[in-house]
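Inside the fold
The chain contents come next:
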Amino acid sequence: MNIGLVAHDSKKKLMQNFCIAYRGVLSRNDLYATGTTGRLVEEATNLTVHKYLAGRLGGTQQLGAQIEHNQIDLVIFLRDPLHVKSSEPDVNNIVRLCDAHNIPLATNLATAELLIMSLDRGDLEWREMYK
């Protein structure tokens, strides 16, 4: 499965720790991430991550394009709801696209863990029929 990873600046360390904890599951899938998040995940886990541009430079839009073309199966977007970002329209776009295209989306650690455990159990295999 293709997994999209995005994290706001204040959540990047959390994303690294999440990817370390679930390295085994993630290693069996293809990872796509905005530039800085992807680099940090690669450094922390030694996993291969296909990196887009940095989020503020268009990486979030690149991820959105892949979602629109049904090329992403799961998105983990650890966002900081307490600090409004200039890229907020891009965040809302990712959420809207995931809803429109029936892509499972986690925006916090609790939901991310549930989705990764579901992926590991095979509960997300229904995504294959969408391709």
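Structural notes, computed from the coordinates.

Parameters at a glance
Numbering of residues starts from 1 in each chain and follows the order in which that chain's sequence is written. The predicted origin of the model limits local features to residues at a pLDDT of at least 70 and limits the giving and counting of side-chain atom pairs to 80 or more, whereas totals for whole chains, interfaces and linings rest on all residues. Note: side-chain values were computed over all heavy atoms of the structure, leaving out hydrogens and water. A 1.4 Å probe rolled over the protein chains alone gives each residue an accessible area, and that area as a share of the maximum for its type sets the label: buried under 20%, exposed over 50%, partly exposed in between. Only DSSP runs of H or I covering at least 4 residues are called helices, and only runs of E covering at least 2 are called strands; the numbering of each starts at the N terminus. For two strands to be treated as a pair, DSSP must find at least two bridges joining them. Helix axes use the C-alpha atoms of the stretch in contact, all axes being lines fitted to C-alpha atoms, and the angles between their N-to-C directions lie in the range 0 to 180 degrees. Oblique is the label for any angle not covered by the other classes, which are roughly parallel (under 35 degrees), roughly antiparallel (over 145) and roughly perpendicular (65 to 115). Should the near helix be turned counterclockwise from the far one by less than a right angle, the crossing is left-handed, whereas a clockwise turn marks it as right-handed. Residue contacts are defined here by distance: any two heavy atoms, one from each residue, within 4.5 Å place the two residues in contact. Note on residue classes: Ala, Val, Leu, Ile, Met, Phe, Trp, Tyr, Cys and Pro are nonpolar, Asp, Glu, Lys and Arg are charged, and everything else, Gly too, is polar. Aromatic rings from Phe, Tyr and Trp, with only the six-membered ring used for Trp, were paired whenever their centres fell within 6.5 Å, and each pair was classed as stacked if the ring planes differed by under 30 degrees, edge-to-face if by over 60, and tilted otherwise.

Right, let's get into the pairing of strand 4 (residues 74-78). Most of strand 4 is tucked away: five of the five residues are buried. Burial along strand 4 is two-sided: L74, I76 and L78 facing one way and V75 and F77 facing the other are all buried. Bridge count between strand 1 (residues 2-7) and strand 4: five bridges; the pairing is parallel. Opposite I3, over in strand 4, you have L74 as the bridge partner. Across two bridges, strand 4 lies against strand 5 (residues 105-106) in parallel orientation. Across the sheet, the residue bridging to I76 is A106, located in strand 5.

Look at helix 1 (residues 12-21) against helix 3 (residues 35-45): their axes get within 9 Å of each other, and the N-to-C directions meet at 40°. Here helix 3 runs oblique to helix 1, going by the angle between their axes. By crossing handedness, the relation of helix 1 to helix 3 is classed as right-handed. Here K12, M15, Q16, C19 and I20 of helix 1 come into contact with helix 3, specifically with T36, T37, L40, V41, A44 and T45. Among the residues making up the contact of helix 1 with helix 3, the classes are represented as six nonpolar, four polar and one charged.

Moving on, we come to the sheet that holds strand 3 (residues 49-51). Across the sheet, which stays open at both edges, the five strands sit in the order 3-2-1-4-5 with parallel pairing between neighbours. Of all the strands in the sheet, the pair left with one neighbour each is strand 3 and strand 5. The strands touched by helix 3 are strand 1, strand 2 (30-33) and strand 3; relative to strand 3, the strand with the most contacts, the crossing angle is about 155°.

This part is about the packing of aromatic side chains. Enumeration over the complete set of coordinates arrives at two aromatic pairs. An angle of 45° between the planes, with centres 5.0 Å apart, marks the rings of F18 and Y22 as tilted. On the numbers, 6.3 Å between centres and 25° between planes, the contact of Y32 with Y52 is stacked. Residue Y32 is found in strand 2, and its partner Y52 is found in the loop between strand 3 and helix 4 (59-68); the two are separated by 20 residues along the sequence. Classification of Y32 by relative accessible area gives buried; the value is 15%. With relative accessibility at 14%, the residue Y52 sits in the buried group.

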